[in-house]
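One letter stands for each residue in the lines below.
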Amino acid sequence: MTTPRADRGRNPDRSPLNWLLLVPIVIPLIPPLFNADEPRLFGIPMFYWLQLAFIILSVAATTVVYLGTRRSR
C-alpha cells in the first residue's frame, strides 16, 4: 500500500483566475444595471438583451478560466 505524496507545490485548483468566475454570478445580481426599458436593441427592451449579454459574459469567463487553469499534458 502506498501513501499519497504530500504536494509541496502550488495547488492548481487555487488559481487566482478562479475569482473571475464570480463576475458572471455577481453582475446579474445588481438590478440597477438592467432595471430599464430603454435603450432598445432592434426593438428588444434592455432587460432582455442584457440577459443574453450576461450569458455571453458567463461563457467567456468560464472559457478564460478553463484555458488558464487546465493542466498541460
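Look up a bit, the structure's there.
This one's a predicted model, so the numbers in the text were calculated from it and none came from an experiment.

Quick notes on the rules
Residues numbered from 1 in each chain as written. Predicted model: local features only at pLDDT ≥ 70, side-chain atom pairs only at ≥ 80, totals over all residues. Heavy atoms only, no water. Helix = DSSP H or I, 4+ residues; strand = E, 2+ residues; numbered from the N terminus. Buried < 20%, exposed > 50% of the residue type's maximum accessible area, 1.4 Å probe, protein only. Contact = heavy atoms within 4.5 Å. Areas by Shrake-Rupley, 256 points an atom, 1.4 Å probe, with all protein chains shown as cover. Phe/Tyr/Trp six-rings, centres within 6.5 Å; stacked < 30°, edge-to-face > 60°. Patch = residues over 30% accessible without salt bridge, like charges linked within 9 Å, V, L, I, M, F, W, Y side chains within 5 Å. Salt bridge = Lys/Arg side-chain N within 4 Å of Asp/Glu carboxyl O.

Chemist: How would you summarise the overall build of the protein chain if you had to cite specific residues and measurements?
Modeler: Helices and strands together make up the secondary structure of the protein chain, namely 2 helices and 0 strands. Considering the protein chain as a whole, with its 73 residues, one finds that 12% of them fall into the buried category. Considering only intrachain contacts with a sequence separation of at least 6, the fraction spanning at least 24 residues in the protein chain is 50%. For the protein chain, the exposed area adds up to about 6,500 Å²; of that, 65% sits on carbon and sulfur atoms.

Chemist: Give a description of the packing of aromatic side chains that names residues and reports values.
Modeler: This structure, assessed with the given rule, holds 1 aromatic pair. Measuring from ring centre to ring centre gives 5.3 Å for Phe47 and Tyr48, while their planes differ by 85°; the resulting arrangement is edge-to-face. Using a relative accessible area of 35% as the deciding quantity, one classes Phe47 as partly exposed.

Chemist: So what's going on with a nonpolar patch on the surface? Which residues, and what values?
Modeler: Among the surface-exposed residues, Trp19, Leu22, Ile25, Val26, Leu29, Ile30 and Leu33 lie close enough to one another that they form a single nonpolar patch of about 710 Å² accessible area. Among the structural elements, Ile30 can be located in the loop between helix H1 (23-26) and helix H2 (46-69). Residue Ile30 is classed as partly exposed on the basis of its relative accessible area, which comes to 36%.

Chemist: Summarise the environment of Pro24; cite the residues concerned and give the values.
Modeler: With respect to the helices and strands, the residue Pro24 is situated in helix H1. Taking relative accessible area as the criterion, Pro24 reaches 13% and is therefore assigned buried. Between the alpha carbons of Pro24 and Ile55 there is a distance of 8.0 Å; along the sequence they are 31 residues apart. If near-sequence neighbours (up to four positions away) are discounted, Pro24 is found in contact with Leu57, Ser58 and Ala61.

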